Amino acid sequence: MRRESACHDRSAHAVSHRRVDRLGQKRVDEKRVQLALKRGMDIVLSSGALVVLLPLLLLIALAIRLTSPGPAVFSQLRWGKDCSKIRIFKFRTMYADLSDHTGVEQTRDGDHRITPLGAILRRTNLDELPQLFNVLKGDMSLVGPRPHAIGMKAAGMLYEELVPEYHKRHRMRPGITGLAQMRGLRGPTVLASKSRARAVADLHYVENYSLMLDISILYGTLRTEVFGGSGF
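Reading the values: the criteria
- Residues numbered from 1 in each chain as written.
- Predicted model: local features only at pLDDT ≥ 70, side-chain atom pairs only at ≥ 80, totals over all residues.
- Heavy atoms only, no water.
- Phe/Tyr/Trp six-rings, centres within 6.5 Å; stacked < 30°, edge-to-face > 60°.
- Buried < 20%, exposed > 50% of the residue type's maximum accessible area, 1.4 Å probe, protein only.
- Helix = DSSP H or I, 4+ residues; strand = E, 2+ residues; numbered from the N terminus.
- Salt bridge = Lys/Arg side-chain N within 4 Å of Asp/Glu carboxyl O.

### Observations regarding the packing of aromatic side chains
Here is step 1: Under the criterion given, the structure shown has 2 aromatic pairs.
Here is step 2: Here Tyr 159 and Tyr 166 contribute two aromatic rings whose centre-to-centre distance is 5.0 Å and whose plane-to-plane angle is 10°, an arrangement assigned as stacked.
Here is step 3: Classification of Tyr 159 as buried rests on a relative accessible area of 1%.
Here is step 4: Accessibility expressed as a relative area gives 2% for Tyr 166, which makes it buried.
Here is step 5: Seen from their ring centres, Tyr 205 and Tyr 209 are 5.9 Å apart, and the 70° between their planes marks the pair as edge-to-face. Of the two residues examined, Tyr 205 and Tyr 209, each falls in the buried class.

The following block contains the structure:
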């Protein structure tokens, strides 16, 4: 009887284990499909946006060249998916000789390095538009954790030291916008609490990604940032 009972227990455990495996595999397959759809949405929307916004992009580039010496676009090295290093593009918003190409020295309210036109571009988030090329290339996504500069500090210390699970945010492609930005967690990371909250939002996104979450974030970003941007 004991042997039969033990055998039954092992059999029941094996069946239960197979069910868990099948459930886990189903979730993995569903996530793969979601990620494939996410990439498809990135390609369609970024290419469409570049075509529609091309006159605006050219106008901004011309305005930058006419109002301050230097290139209209500049690039920075930042964290990409799986901790790779990618080069992202932005419209130049600072005086060329004062620009920080490392991105480590964060901007502040009233930053003397920012040009008058640059202040407008930052406030309206138009300086981020060249990153549509990064999305089309595949280095970035429309939605994801914002790409941080290599060696970026928060509250005076490296992000990796402030948030031990920090690099888990790099399991996904970085985005032009993300859950943290939709929640208003943007700007200088002077306060440790705000910096942690931003990282927690990024980690929550990575762990709970879905296509509907992306659509919700895109809509929320348009509502809170484009129509009432507060960047600097």
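### As for the side chain of Asp 214
Here is step 1: Summarising the element assignment, Asp 214 is placed in helix α7 (residues 211–226).
Here is step 2: Judged by its relative accessible area of 0%, Asp 214 is buried.

### Points about the pattern of salt bridges
A pair can form between side chains of opposite charge whenever their charged atoms are brought close.
Here is step 1: For the structure on display, the rule yields 10 salt bridges.
Here is step 2: The salt bridge involving Glu 128 is made with Arg 146; its shortest N-O contact spans 3.2 Å. Within this pair, whereas Glu 128 is found in the loop between α2 (116–123) and α3 (131–137), its partner Arg 146 is found in the loop between β3 (141–143) and β4 (153–154), the two being separated by 18 residues in sequence.
Here is step 3: When its relative accessible area of 13% is taken as the criterion, Glu 128 is described as buried.
Here is step 4: The salt bridge involving Lys 137 is made with Asp 139; its shortest N-O contact spans 3.4 Å.
Here is step 5: In this structure Asp 139 comes out as buried when scored by relative accessible area, which is 19%.
Here is step 6: Through salt bridges that share partners, Lys 90, Asp 127, Glu 128 and Arg 146 make up one connected network.

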